[in-house]
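What follows is each chain in one-letter form.
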Number of protein chains: 2
Amino acid sequence: MASVGPVTAQQMHFSEPLPLQSGALLPSYQLTYETHGTLNAERSNAVLVCHALNASHHVAGVDASGNKGWWDNLIGPGKPLDTNRFFVIGVNNPGSCFGSTGPMHLNPLSPVPGRVWGADFPVVTVEDWVDAQARLVQRLGITQLAAVLGGSLGGMQALAWTLRHPGMLRHCIAVATAPNLSAQNIAFNEVARRAIVTDPDFHGGHFYEHGVVPKRGLRVARMVGHITYLAEDAMDSKFGRELKAAALRYSTQDIEFQIESYLRHQGDKFAEYFDANTYLLITRALDYFDPAAAHGGDLARAFAANAETLRKRFLLVSFTTDWRFAPERSREIVKALVANRIACSYAEIDAPHGHDAFLLEDPRYHAVMRSTFERIAAEVAAGVRS
Amino acid sequence: MASVGPVTAQQMHFSEPLPLQSGALLPSYQLTYETHGTLNAERSNAVLVCHALNASHHVAGVDASGNKGWWDNLIGPGKPLDTNRFFVIGVNNPGSCFGSTGPMHLNPLSPVPGRVWGADFPVVTVEDWVDAQARLVQRLGITQLAAVLGGSLGGMQALAWTLRHPGMLRHCIAVATAPNLSAQNIAFNEVARRAIVTDPDFHGGHFYEHGVVPKRGLRVARMVGHITYLAEDAMDSKFGRELKAAALRYSTQDIEFQIESYLRHQGDKFAEYFDANTYLLITRALDYFDPAAAHGGDLARAFAANAETLRKRFLLVSFTTDWRFAPERSREIVKALVANRIACSYAEIDAPHGHDAFLLEDPRYHAVMRSTFERIAAEVAAGVRS
């Protein structure tokens, strides 16, 4: 199927500070975004796509650097999220490192002129991101999105949209996500953060001024994260105990097994392009997300508070071999919705790839996404508003 | 139940070099060991206990520093492995850091006088350890052990005993173990090794000379390892999303959740007492263990090669929530034994604690161990030899 082709990122500046969950304010900031397709005259065909940990606004097509969008297999002309029918918006979240205001940008509050935010960038939450996204959507002249879509941490943002701005979207599509992190999820994030923070090149988060990057920490962080994205069986099928050389070399430091080579490569690549402070911020946003917390841990009550405006349709998708955000976690969300008699579809896809399955082109998964967006397109054509 | 009480570690020196799987030789070396109970006149009641990653010869009782043995709940007078009946031997493996010759000891091969082994300590395997243990057993005047017992990596040693020295033991008891590491197991080991090796204080494994310890790397290594020892549900029951303070502090670097506090504490403790080179050596021994490899990956054929002398009884124990060495891995061993018509008992214990269950006092687990050792004690009393 065709790609959307070349795409140019856009910038939007916001001079009004963003109030954050922490009580702090993010002073004037900019968001980087890209759009695909055409906004219809009724401005009713917009779909917002929220990104996960290491992704960005660049969801489809090919950017100026020749990079393909991270969800290009899903988004494009004739694809499940069909850009011939929908106006698709990808937006980079504040705190990230792909164009929107983040730790590597100038800190206007610093007494030291020219100092970048670094570790002083305010801690942002999923809710903060969603508020920033809502401002962008409004500035684009859209009062109601046809859908908000996201996978993993992006799925948490899609859920947060229904709770914070329920009148501004008609459909919520949350893939491979969870209503909060388990202790084990937090534990893995903490290992990654400790690897970064204790790297001597981190310099308390102000490494930019030292002309270094805490690459050792970023590499270890990515390696441990990557293990949790893959299913154990898939790792065994792909790598098993295959050696890199013809025979064992009996070395504790050289690569012996192909899986080591693969993981080191993932770590090396990541350390070249990802910002260490962004990694801390985004893993913390993951840790903090817990919409049930304000309702005594009862997710159903979290949705109940917005039940009047939540007469929209949810689609939740999970993958059988995902052990990071296992199907049980999606089912918790389904149960909370059902308890509120909120319309909800749920697909549990038998896929071998673990958490990463949400980024891959599984035929059953994409069939579910395609039929969902076809139904939404039909609603758009019929002028349905909620 | 009573403890064995105070115990004193013993040393045995071996002047004959140990030939290693790698082709290298370990020059004259010493092994640290401890014993409990009394060797009977027939020398037929000895049980060897093999240790796992971060443990030692100190299996029971209280040592000179006041530390309790790591399997004290299992081993002692009246305990499942009853020291009133058995002569129990705990031995520290070469390459470890608890008394036996290891990376922190003088390297007799170094051209630099007084230099310790450091990263030049020869790479040792499970088979090498078992060979070293066999020499110790022989020097103690024991020609056949009543049993070899181990959990996790210790279980691998118990299995290796049956393949390398089948005539020297009558029973093999392997708990929470696996016939080899999966790609995911190796991947976690590699993350830990990279954290250590890339710590600037590692100095290529010769940190001793610099008066430093790569504690940052050791901490991260222990944290990631520790996650894999615990069941996800147990972590949720014990820590869940409980906060350390009364409310969120919105910090990426301070501790927010109790699970972070716990993991950091585990990392800090470990970095104080464990040797970085030993960590590399032991995780590599884990990676390398694969008795089926020399038989085209067929574990049944590995046992078949020794089928004549393997007319002994195996006990395998696994724990339902162990995701590091899941029950399926023990069942692979059971199947390979059954295929050779080798007598084998298998207990799959429904325990919530994950891999660490093998160290804990689960009543059903200990009942299986108790009845197994009672049967072995009856054989000893009856003078059965294989």
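All values derive from a computational prediction rather than experimental measurement.

About the thresholds
Residues numbered from 1 in each chain as written. Chains lettered and ligands numbered in written order. Predicted model: local features only at pLDDT ≥ 70, side-chain atom pairs only at ≥ 80, totals over all residues. Heavy atoms only, no water. Pairing = 2+ DSSP bridges. Helix = DSSP H or I, 4+ residues; strand = E, 2+ residues; numbered from the N terminus. Axes fitted to C-alpha atoms, helices over the stretch in contact; angles between N-to-C directions. Contact = heavy atoms within 4.5 Å. Buried area = accessible area lost by both parts, 1.4 Å probe. Salt bridge = Lys/Arg side-chain N within 4 Å of Asp/Glu carboxyl O. Polar contact = N/O pair within 3.5 Å; in protein donor to acceptor, adjacent residues only side chain to side chain. Domains from an automatic or database assignment. Least-squares fit on C-alpha atoms with pLDDT ≥ 70 in both. Core = buried A, V, L, I, M, F, W, Y, C linked by side-chain atoms within 4.5 Å. Buried < 20%, exposed > 50% of the residue type's maximum accessible area, 1.4 Å probe, protein only. UniProt positions renumbered as here; feature names shortened; annotations may be inferred. 1 Å grid on protein atoms, 1.4 Å probe; cavity = no way out; pocket = protein on both sides within 12 Å on 5 of 7 lines; lining within 4 Å. Points joined across faces, edges and corners; volume = space filled by probe spheres on them. Nonpolar A, V, L, I, M, F, W, Y, C, P; charged D, E, K, R; others polar. Parallel < 35°, antiparallel > 145°, perpendicular 65-115°, else oblique. Left-handed = near helix turned anticlockwise from the far one by under 90°. Phe/Tyr/Trp six-rings, centres within 6.5 Å; stacked < 30°, edge-to-face > 60°. Lys NZ or Arg CZ within 6 Å of the ring centre and 35° of its normal. Expected span 1.5 Å × (residues − 1).

A word on the sheet that holds strand S4 (residues 29–36) of chain A
All names here are of chain A.
Reasoning step 1: A sheet is described by the order of its strands in space; here eight strands give the open sequence S1-S4-S8-S5-S9-S10-S11-S12, paired in mixed fashion. Because the sheet does not close on itself, it has two edges, and the strands there are strand S1 (10–14) and strand S12 (344–349). Pairwise comparison of adjacent strand axes, ignoring direction, gives a mean angle of 20° for this sheet.
Reasoning step 2: Here S4 pairs with strand S8 (residues 87–91) via four bridges, running antiparallel. Counted as the bridge partner of Thr35 is Ile89 from S8.
Reasoning step 3: The strands touched by helix H1 (residues 126–139) within the sheet are S1, S4, strand S5 (46–50) and S8, with S1 carrying the most contacts at an inclination of about 105°.

Quick look at the interface of chain B and chain A
Reasoning step 1: Contact residues are listed per partner, giving 55 residues for chain B and 55 residues for chain A.
Reasoning step 2: Across the chain B to chain A interface the summed buried area is about 4,800 Å²; carbon plus sulfur atoms make up 64%.
Reasoning step 3: Of all residues in chain B, Arg241, Tyr250 and Thr252 of chain B bury the most surface against chain A, accounting for 16% of the area lost on that side.
Reasoning step 4: Put simply, chain B and chain A have eight salt bridges between them.
Reasoning step 5: The interface formed by chain B and chain A includes 26 residue pairs in polar contact (both at pLDDT 80 or more).

What about the sheet that holds strand S8 (residues 87–91) of chain B?
Residue and element names in this part refer to chain B.
Reasoning step 1: With mixed pairing, eight strands are arranged side by side in an open sheet as S1-S4-S8-S5-S9-S10-S11-S12. Edge positions in the open sheet fall to strand S1 (10–14) and strand S12 (344–349), since each of these has one partner strand only. Recorded for the sheet is a direction-independent mean angle of 20° between the axes of neighbouring strands.
Reasoning step 2: Note that strand S10 (residues 171–175) and strand S11 (residues 313–319) share five bridges and pair parallel. Bridge pairing in S11 links Ile173 to Leu315.
Reasoning step 3: Strands in contact with helix H1 (residues 126–139) are S1, strand S4 (29–36), strand S5 (46–50) and S8; relative to S1, the strand with the most contacts, it is inclined by about 105°.
Reasoning step 4: Here helix H10 (residues 363–382) sits on the sheet in contact with S5, strand S9 (147–151), S10, S11 and S12, set at roughly 170° to S10.

Brief notes about the domain arrangement of chain A
Residue and element names in this part refer to chain A.
Reasoning step 1: Taken as a whole, chain A is organised into domain 1 (10–180 + 290–382) and domain 2 (185–283).
Reasoning step 2: Just the C-alpha atoms count here: the centres of domain 1 and domain 2 sit 26 Å apart.
Reasoning step 3: Of the residues lining the interface, 30 residues belong to domain 1; the matching set on domain 2 comes to 26 residues.
Reasoning step 4: The junction of domain 1 with domain 2 conceals about 2,300 Å² of combined surface from both sides, 62% of it contributed by carbon and sulfur atoms.
Reasoning step 5: Of all residues in domain 1, Leu53, Trp323 and Arg324 give up the largest surface area on contact with domain 2, accounting jointly for 30% of the area buried on that side.
Reasoning step 6: The tally of links from domain 1 across to domain 2 stands at one salt bridge.
Reasoning step 7: Ionic pairing is found between Arg115 and Glu209, a salt bridge with its closest N-O pair at 2.8 Å.
Reasoning step 8: For the pair domain 1 and domain 2, the number of links is 10 residue pairs in polar contact (both at pLDDT 80 or more).

Describing the relation of the copies chain B and chain A
Reasoning step 1: Superposing chain B onto chain A requires a rotation of 180° together with a translation of 0.0 Å along the rotation axis, leaving an RMSD of 0.0 Å. On the angle and the small slide along the axis, the relation comes out as a two-fold axis.

Remarks on the nonpolar core
Nonpolar side chains in soluble globular proteins tend to end up buried together.
Reasoning step 1: With 256 residues, the main nonpolar core has Leu149 and Trp161 of chain A together with Leu149 of chain B as its most contacted residues.
Reasoning step 2: Aside from chain neighbours lying at most four places away, what touches Leu149 of chain B is Val47, Leu48, Val49, Cys50, Trp71, Leu74, Leu81, Ala158, Ile173, Val175, Met369 and Phe373 of chain B.

Focus: the UniProt feature "active site" (unreviewed entry) in chain A
All names here are of chain A.
Reasoning step 1: Per the UniProt record, "active site" (unreviewed entry) is found at Ser152, Asp322 and His355. On the basis of their most widely separated C-alpha atoms, the annotated residues across 204 residues gather in one place, lying no more than 10.7 Å apart.
Reasoning step 2: Inspection of the secondary structure puts Asp322 in the loop between strand S11 (313–319) and helix H9 (327–339).
Reasoning step 3: Beyond its immediate sequence surroundings of up to four residues, Asp322 is in contact with Ala176, Pro327, Gly354 and His355.
Reasoning step 4: A polar contact is formed between the side chain of Asp322 and the backbone nitrogen of Arg324, at a distance of 3.0 Å.
Reasoning step 5: Those residues in contact with His355 that lie beyond four places of it in its chain are Ser152, Ala176, Thr228, Tyr229, Asp322, Arg324 and Phe325.

Regarding empty space enclosed by the protein
Reasoning step 1: Summed over all chains, the structure comprises four cavities of 30 Å³ or more.
Reasoning step 2: Each pocket or cavity is described by its volume, and for the largest cavity that value is around 120 Å³.
Reasoning step 3: Around the largest cavity, the lining is made up of 14 residues, and of these Ala195 and Thr198 of chain A together with Ala195, Thr198 and Arg216 of chain B lie nearest the centre.
Reasoning step 4: Broken down by secondary-structure element, the contributors of at least two residues to the lining of the largest cavity are helix H4 (215–229) of chain A together with helix H4 (215–229) of chain B.
Reasoning step 5: Looking at the lining of the largest cavity, its residues break down into six nonpolar, four polar and four charged.
Reasoning step 6: One number sums up the size of the second largest cavity: a volume of about 60 Å³.
Reasoning step 7: Forming the walls of the second largest cavity are Leu53, Phe188, Asn189, Ala192, Ala221, Val224, Gly225, Thr228, Tyr229, Tyr279, Thr283 and Arg324 of chain A.
Reasoning step 8: Listed by contribution, the elements that provide at least two residues to the lining of the second largest cavity are helix H3 (183–197), H4 and helix H7 (276–288) of chain A.
Reasoning step 9: Of the residues forming the lining of the second largest cavity, the biggest block, five residues, is contributed by H4 of chain A.
Reasoning step 10: Classifying every residue of the lining of the second largest cavity by side-chain character gives seven nonpolar, four polar and one charged.

Describing the environment of Asp290 of chain B
Reasoning step 1: Looking at the secondary structure, you find Asp290 of chain B in the loop between helix H7 (276–288) and helix H8 (299–304).
Reasoning step 2: Separated by 266 residues in the primary sequence, Asp290 of chain B and Ala24 of chain B place their C-alpha atoms 19 Å from one another.
Reasoning step 3: Not counting residues within four places of it along the chain, the set of residues in contact with Asp290 of chain B comprises Arg241 of chain A together with Pro179 and Asn180 of chain B.
Reasoning step 4: There is a polar contact of 3.1 Å between the side chain of Asp290 of chain B and the side chain of Asn180 of chain B.

Some details on the packing of helix H3 (residues 183–197) of chain B against H4 of chain B
Residues and elements named next belong to chain B.
Reasoning step 1: As a packed pair, H3 and H4 sit with axes 7 Å apart at the nearest point and diverge in direction by 165°. Between H3 and H4, the interaxial angle falls into the category roughly antiparallel. Along this stretch, H3 crosses H4, giving a crossing that reads as right-handed. From H3, Phe188, Val191, Ala192, Ala195 and Ile196 reach across to H4, where they touch Gly217, Leu218, Val220, Ala221, Val224 and Thr228.
Reasoning step 2: For the contact of H3 with H4, the residue count by class is nine nonpolar, two polar and no charged.

Some remarks on the packing of aromatic side chains
All names here are of chain A.
Reasoning step 1: Evaluated as defined, the whole model comprises 40 aromatic pairs over all chains.
Reasoning step 2: The interplanar angle of 35° and the centroid separation of 6.2 Å between the aromatic rings of Phe98 and Tyr273 together place this pair among those described as tilted. Of this pair, Phe98 sits in the loop between S8 and H1 while Tyr273 is found in helix H6 (residues 258–273), placing the two residues 175 residues apart along the sequence.
Reasoning step 3: Consider the rings of Phe202 and Phe207, whose centres lie 6.0 Å apart with planes at 35°: the pair is tilted. Accessibility classification places Phe202 together with Phe207 in one group, the buried group.
Reasoning step 4: Feature note: the residues Phe98, Phe270, Tyr273, Phe274 and Tyr279 constitute an aromatic cluster, connected by ring pairs.
Reasoning step 5: Its end group placed over the ring of Phe14, Arg139 keeps NZ or CZ at 4.7 Å from the ring centre.

A word on H1 of chain A
Residues and elements named next belong to chain A.
Reasoning step 1: Over its 14 residues, H1 extends 20 Å from the first C-alpha to the last, a length consistent with the 20 Å expected when each residue adds 1.5 Å.
Reasoning step 2: Of all 14 residues in H1, 12 are buried; the element is thus mostly enclosed.
Reasoning step 3: Listing the buried residues of H1 in full gives Val126, Glu127, Asp128, Trp129, Val130, Asp131, Ala132, Gln133, Ala134, Arg135, Leu136 and Val137.

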